[in-house]
Amino acid sequence: MTAQIRRRCVVPRKRKPDPFLFFGFRLSALPHARPNDEEVAGVFWLHGQPAIQSLAPNSPYRFFQDIALQALLARASLDTVRPLHYGCGKPREVTMSLRGKAAIVGIGETPVDRLGSKPGEPRKSTAEYLAWASRIALEDAGLTIKDLNRQGLAAIYTTNHSQPFWPEEVASIVGFTPKVALAGGNGGASSVSVLGHSAAMIAGGVVDLVLVVAAAAPFSERGRTRAEPMDTRDFEMPFGVMGPNCKISFVKSRYMYESGMTDDHFGKIAVTCRYHASLNPAAYLKKPMTVEDYKNSRLISDPIRLFDCVLPANGGKAYILASPQRARSLRKPPVWLLGWGERENPSAGPRYRANPLITGIAECAEDCFAMAGVTRKDIRCLNLYDDYIPIVMLQIEDLGFCKRNDREFFEKTDFTFKGDLPIQTSGGMINCGQPSTAGGMLHVIETVRQLRHEAGARQVPGIKFGIATGLGAVNYGKNFGCTAAAILGNEV
Amino acid sequence: MAEAAREIPKPLPQITPLNQPFWEGAKDGKLVMQRCKDCRAWVWCPRPVCGECGSDSLEWTPLSGRGKVFAFTVIREVVGHALRGFARDIPYVTAWIDLDEGPRFCSNIIGCPIESVRIGMDVQVTFEDTGQGVTLPKFKPV
């Protein structure tokens, strides 16, 4: 780290420990502070070390969380740090490196269910799925819950269950006392977003283990009414916009118009996903299907068909991230974080009229490849956030594996696990189920399985590097508000 | 069944100090949006600052109400408890309309058979009173 970076960022200097000091601000002294902001927010000094407690997703002081992260990145002696910019205009282009600073050492995935859809399905609550997934991940890593005390937790908010103190409640449910509680508040992108955030905490020397966990049980628990973003509440719902189905229909209709893609192109991707699901014992929908089946599936919101859509489910998922030293001492071979990028509120073009066919993944990919130092040819597996089939295709374009609107590429490429560019080797959330925002963790977990060569019948031969992506929120008039991507590898 | 469906209300916008000028304009039969006085960029949806230059010097500016369909969908199923009130309208068209002045607006295409809606179609704003104190700007073919 250079002195220059120290000046540019808000770097904590030596101060006397004050649990409520936030870089010189007392949150409660700021206007509009909520009663609990002081307790739930900010950077605290614990035992001479900075520790982050995340803000509630609706807190007006959420941007402090970013400042806190900046400070930690600076302390972590990272190569360069993204300068703060809250406002507009083009940010200064800088890169930071988390390459090889942390590894995934444990993965946990509970069975998914849709309560009553299949006989003998378990009837479990969100809390039980959280604890269940965590236990599987701990066992996989060869750790116990006691090892997590005074380590890190990253808990992901779900769409209708979480309350504002969610990370703390998750710690209480899973049964340990973390030193740091990060929150994933980026919807479906969260499990890939917090992968980078957690790695930064580890690289900063704050903790050397982080449990990342998410679960949801929309079929067995009646959730509270979901709070909607103001654009959705005021300018979409009054016009009968039916949530993401409708908004992604806009994207798909424009994509078809501009690229000339047809249901044959989308169907091919859907069939590939189902084929992989048929080889995945943990998948929910395994019956092989054809392009004709896809074409015959009913229209939900033209041109979005049933087989374009993700499958909501109950379930829980978890993974454990460790420092390099810790990772090498555990049971399973480490899967290294090599590249990572995140963009929130991205916009391809002016915000009032963005190009909805370019997602933030395009910029995440630049960060990822620059950080990892690998090329697209090195990547042997793409596990892409798949709430809808056309979104998988847009991300392949965004990641730079083909040109824009490249029909020929989608026609000629073999996307199966033994093909040219394996995608969605687990079958994707479309076939494995989406327990709310926990769903996206499937892609991290599947990439780890592939890199450990534990993927059984769908194992990609000789794989060294894979990509997992996450997407969340569909913004007004464009596409995803939350985007993140990571390159993982089985060697540093 | 049909009568029961009629009683379910449709969601209405929450009128806030930030978006109030838009809804007042709609009530008067005008389509207005914020525009940045500094960089002249449009700001939509309503925001406290310009999304392009960061200026907070924004003014509510009238638009012609003409535009082209950028993308559209035919809603065929209700998804979500909050939107059950729309069941009686199904099938209907929601669309992104690129207004001639620049901003993209999300609304319904009405006043024509749903089969006739096309991307690139010229449309013109028309105002629909919900009878509940809110007027919604919708679009019809020119």
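Scroll up to find the structure this text is about.
Residues numbered from 1 in each chain as written. Chains lettered and ligands numbered in written order. Predicted model: local features only at pLDDT ≥ 70, side-chain atom pairs only at ≥ 80, totals over all residues.

What follows concerns the overall build of chain A. Looking only at helices and strands, chain A has 16 helices and 13 strands in total. Of all 492 residues assigned to chain A, the portion counted as buried reaches 58%. Long-range contacts, defined as pairs at least 24 residues apart, comprise 76% of the intrachain contacts of chain A with a sequence gap of at least 6. (Helix = DSSP H or I, 4+ residues; strand = E, 2+ residues; numbered from the N terminus. Buried ≥ 20, exposed ≤ 12 C-beta atoms within 10 Å, placed from the backbone. Contact = placed C-beta atoms within 7 Å.)

Right, let's get into the overall build of chain B. Of the regular secondary structure elements, chain B holds two helices and eight strands. Counting from the amino terminus, chain B carries its helices and strands in the arrangement α-α-β-β-β-β-β-β-β-β. Expressed as lengths along the three principal axes of its C-alpha atoms, the size of chain B is roughly 55 × 35 × 25 Å. Among the 142 residues that make up chain B, the fraction classed as buried is 34%. Across chain B, contacts joining residues at least 24 apart in sequence account for 51% of those joining residues at least 6 apart.

This part takes up the pairing of strand S3 (residues 103-109) of chain A. Residue and element names in this part refer to chain A. Burial analysis of S3 places seven of its seven residues in the buried class, which makes it a mostly covered element. With six bridges connecting them, S3 and strand S9 (residues 315-322) associate as antiparallel partners. Residue pairing for S9: Ile-104 is matched across the bridge by Leu-321. With two bridges joining them, S3 and strand S10 (residues 335-344) adopt antiparallel strand pairing. Residue Ala-103 lies in a different strand from S10, and its bridge partner there is Trp-336. (Pairing = 2+ DSSP bridges.)

What follows concerns the interface of chain B and chain A. Note on interface size: it is often stated as the accessible area lost on association of the parts. Facing 43 residues of chain B, the contacting portion of chain A comprises 32 residues. For the side of chain B that touches chain A, the secondary-structure elements that each account for two or more residues are strand S2 (42-43), strand S4 (66-75), strand S5 (92-99) and strand S6 (104-109) of chain B. Looking at the side of chain B that touches chain A element by element, the count peaks at six residues for S4(B). Broken down by class, the residue content of the side of chain B that touches chain A amounts to 26 nonpolar, 10 polar and seven charged. In the sheet, strand S7 (residues 299-302) of chain A pairs with S4(B) via two bridges, with the strands oriented antiparallel. (Nonpolar A, V, L, I, M, F, W, Y, C, P; charged D, E, K, R; others polar.)

All names here are of chain A. That bond from Asp-302 to Pro-303 is cis: its omega, 0 degrees, falls within 30 degrees of zero. Along the chain, Pro-303 turns up in the loop between S7 and strand S8 (304-305). In the Ramachandran plot, Asn-345 falls in the positive-phi region, its phi being about 50 degrees despite a non-glycine side chain. Tracing the backbone through its elements, the reader meets Asn-345 in the loop between S10 and helix H12 (361-372). Judged by the 14 C-beta atoms lying within 10 Å of it, Asn-345 is partly exposed. Positive phi values are uncommon outside glycine, yet His-453 reaches one of about 60 degrees. Considering the arrangement of structural elements, one finds His-453 in the loop between helix H16 (441-452) and strand S12 (465-474). Look at His-453 and you get partly exposed, because 14 C-beta atoms sit within 10 Å.

Counting residues in each nonpolar core, the largest one holds 169 residues, and the members touching the most others are A:Val213, A:Tyr319, A:Ile320, A:Leu321 and A:Leu337. Beyond its immediate sequence surroundings of up to four residues, A:Ile320 is in contact with A:Ile104, A:Val105, A:Gly106, A:Ala137, A:Ala141, A:Leu143, A:Leu209 and A:Leu211. (Core = buried A, V, L, I, M, F, W, Y, C linked by C-beta atoms within 7 Å.)

Turning next to the environment of A:Ala215. Residues and elements named next belong to chain A. Mapped onto the elements, Ala-215 comes out in strand S6 (residues 209-216). Each C-alpha atom, one on Ala-215 and one on Ala-133, is 8.1 Å from the other, the two residues being 82 residues apart in sequence. When neighbours within four sequence positions are excluded, Ala-215 is seen to be in contact with Thr-126, Tyr-129, Leu-130, Ala-133, Gly-315, Gly-316, Pro-435 and Ala-438.

Residue and element names in this part refer to chain A. Compared with the 22 Å implied by 1.5 Å per residue over 16 residues, the 22 Å span of helix H9 (residues 263-278) between its first and last C-alpha is a close match. With 12 of its 16 residues buried, H9 lies for the most part within the structure. Listed as buried for H9 are Asp-263, His-265, Phe-266, Gly-267, Ile-269, Ala-270, Val-271, Thr-272, Cys-273, Arg-274, His-276 and Ala-277. If you follow the buried residues of H9, they end up packed against helix H10 (291-296), helix H13 (389-398), helix H14 (407-412) and helix H15 (428-432). (Expected span 1.5 Å × (residues − 1).)

So, about helix H8 (residues 243-259) of chain A. Here H8(A) spans 24 Å end to end across 17 residues, near enough to the 24 Å set by a 1.5 Å rise per residue. All of the buried residues in H8(A) are A:Pro244, A:Asn245, A:Cys246, A:Lys247, A:Ile248, A:Ser249, A:Phe250, A:Val251, A:Lys252, A:Ser253 and A:Tyr255. Next to the buried residues of H8(A) lie S7, S8, H13 and S12 of chain A together with S4 and S5 of chain B. Taken from the residues just after H8(A), A:Gly260 is the one with a positive phi, measuring 75 degrees.

This brings us to the environment of A:Phe410. Residues and elements named next belong to chain A. One can find Phe-410 in helix H14. The spatial distance from the C-alpha of Phe-410 to the C-alpha of Tyr-257 is 16 Å, given a sequence separation of 153 residues. If we skip the residues at most four places from it in the chain, Phe-410 touches His-265, Lys-268 and Met-393.

All names here are of chain B. Taken in spatial order, the three strands make up an open sheet running S2-S1-S3, and their pairing is antiparallel. Of all the strands in the sheet, the pair left with one neighbour each is S2 and strand S3 (58-62). Across five bridges, the pairing between strand S1 (residues 32-36) and S3 is antiparallel. Paired with Cys-36 across the bridge in S3 is Leu-58.

With that out of the way, let us pick up the environment of A:Leu306. Residues and elements named next belong to chain A. Inspection of the secondary structure puts Leu-306 in the loop between S8 and S9. With 13 C-beta atoms counted inside 10 Å, the residue Leu-306 sits in the partly exposed group. Leave out the neighbours within four places in its chain, and Leu-306 touches Ser-297, Arg-298 and Ile-300.

Before going further, it helps to examine the packing of H8(A) against H13(A). Residue and element names in this part refer to chain A. The contact between H8 and H13 brings their axes to 10 Å, and the two run at 60 degrees. As far as their axial angle goes, H13 and H8 are oblique. In the crossing of H8 with H13, the sense of the turn from one axis to the other is left-handed. Touching Ile-248, Val-251, Lys-252 and Tyr-255 of H8 are Pro-390, Ile-391 and Leu-394, all from H13. Classifying every residue of the contact of H8 with H13 by side-chain character gives six nonpolar, no polar and one charged. (Axes fitted to C-alpha atoms, helices over the stretch in contact; angles between N-to-C directions. Parallel < 35°, antiparallel > 145°, perpendicular 65-115°, else oblique. Left-handed = near helix turned anticlockwise from the far one by under 90°.)

In short, geometric facts, not functional conclusions.
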